[in-house]
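Geometric and topological summary
If you want the building blocks of each chain, they are given just below.
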Amino acid sequence: MIDKSPILITGIPRSGASMIAGILKLSGVFCGDVSLHPGSFENGSIYKFVEGAYLELMGCDILGQYPLPDKIDYLPLTWGKLISTYLVTEGYKGGMWMYKSSRITLLWKIWDHTFPKAKWILVRRRTGDIIQSCLKTGYMKAFKDEEIRKKIGVKTEEEGWLWMVHEYEKRFVEMIMSGIDCKVIWPDRMVYGDYQQIYEMLEWLGLPWKSEILTFLDPLLEKSRQIEKERRMKKWQTE
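Residues numbered from 1 in each chain as written. Predicted model: local features only at pLDDT ≥ 70, side-chain atom pairs only at ≥ 80, totals over all residues. Heavy atoms only, no water.

**Focus: the overall build of the chain**
Along the chain, the regular secondary structure elements total 10 helices and four strands. Overall, the chain shows an N-to-C arrangement of helices and strands of β-α-α-α-β-α-α-β-α-α-α-β-α-α. The C-alpha radius of gyration computed for the chain amounts to 18 Å, which stays within 12% of the reference 18 Å derived for 239 residues, consistent with globular compactness. Seen along its three principal axes, the alpha-carbon backbone of the chain occupies a region of about 60 × 50 × 35 Å. Relative to its full complement of 239 residues, the chain shows a buried share of 46%. When contacts within the chain are restricted to residue pairs at least 6 apart in sequence, long-range pairs at least 24 apart make up 75% of them. Per element, the accessible surface of the chain, about 12600 Å² overall, is 54% carbon and sulfur. Distance between charge centroids for the chain: 1 Å, based on 34 positive and 31 negative side chains. (Helix = DSSP H or I, 4+ residues; strand = E, 2+ residues; numbered from the N terminus. Rg over C-alpha atoms; globule rule 2.2 N^0.38 Å. Buried < 20%, exposed > 50% of the residue type's maximum accessible area, 1.4 Å probe, protein only. Contact = heavy atoms within 4.5 Å. Areas by Shrake-Rupley, 256 points an atom, 1.4 Å probe, with all protein chains shown as cover. Lys, Arg positive; Asp, Glu negative; His and termini not counted. Charge placed at Lys NZ, Arg CZ, Asp CG, Glu CD.)

Here you go:
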């Protein structure tokens, strides 16, 4: 049997949840086989055969872009059993485990019903930065489709991604108002050298800070730090 108090990491797509999941994996949290999407730290079996299968059954996008589920029609009784089976098959032998996915936000009532003692990490990012990242990311393509844009009443791809952001944010409000045990993390703060939320998150989870975490983070943050440096330089030159 698996621990009934997992760590569930979620956020709007392109918010930096993979970075947070990577930190927890380095800290010894079990996540199973994450080879399907290297670098995402997302369990492929749960993604395909649990969350993905349920979203497909509902006629929704398994990537969590469009269409999104309006409501949860029923709570699948086998959700926890399936997850337990996959994790044990992939080597789980007890202790803390996690699952990271933006779709957790869309299906949060199922996750909460199955694991009411879970610790939730909600990863946030500025709306404009999410939209720009969606525009540049190959698999984020739902709102390139004019027909989809017409269905939600927007004209541009940017407006489509803004619509998606707002849909996820509605779920965030529902989740927090329901009383889930959660921490909100803004990874962009690390671009400026502020790791306080990461220290607090690890302490909250009872996990140690390891020097390897910085080795893992620095290459991921380097591009954002360079962009921020250029922004500051341009601002300094115009003043």
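**Digging into the sheet that holds strand β2 (residues 98-100)**
One open sheet accounts for four strands, arranged β2-β1-β3-β4; its pairing is parallel. The outermost strands of the open sheet, each flanked by one partner alone, are β2 and β4 (181-185). With direction set aside, neighbouring strand axes in the sheet form an average angle of 20°. Where strand β1 (residues 7-11) and β2 come together, three bridges link them in parallel fashion. When the sheet's bridge partners are listed, Ile7 is paired in β2 with Met98. (Pairing = 2+ DSSP bridges. Axes fitted to C-alpha atoms, helices over the stretch in contact; angles between N-to-C directions.)

**Looking at a nonpolar patch on the surface**
A surface patch of nonpolar side chains, amounting to about 250 Å² of accessible area, comprises Tyr199, Trp209 and Leu214. Relative to the helices and strands, Trp209 is located in the loop between α9 (196-205) and α10 (212-238). (Patch = residues over 30% accessible without salt bridge, like charges linked within 9 Å, V, L, I, M, F, W, Y side chains within 5 Å. Salt bridge = Lys/Arg side-chain N within 4 Å of Asp/Glu carboxyl O.)

**Quick word on the environment of Gly22**
With respect to the helices, strands and loops of the structure, Gly22 is situated in helix α1 (residues 17-26). Between the C-alpha atom of Gly22 and that of Gly39, which follows or precedes it by 17 residues, the distance is 8.0 Å. Setting aside its immediate chain neighbours within four residues, Gly22 contacts Phe41 and Phe216.

**Describing the nonpolar core**
Membership of the largest hydrophobic core comes to 43 residues, with the highest contact counts inside it found for Ile83, Trp111 and Trp120. Among the elements that make up this core, the one with the highest residue count is helix α8 (residues 157-178) (six residues). Setting aside chain neighbours within four positions, we find Trp111 in contact with Leu8, Ile46, Glu51, Trp79, Ile83, Tyr99, Ile104 and Trp120. Among the nonpolar cores identified, the runner-up in size contains 27 residues, and Ile9, Ala17, Met19 and Ile198 belong to it. (Core = buried A, V, L, I, M, F, W, Y, C linked by side-chain atoms within 4.5 Å.)

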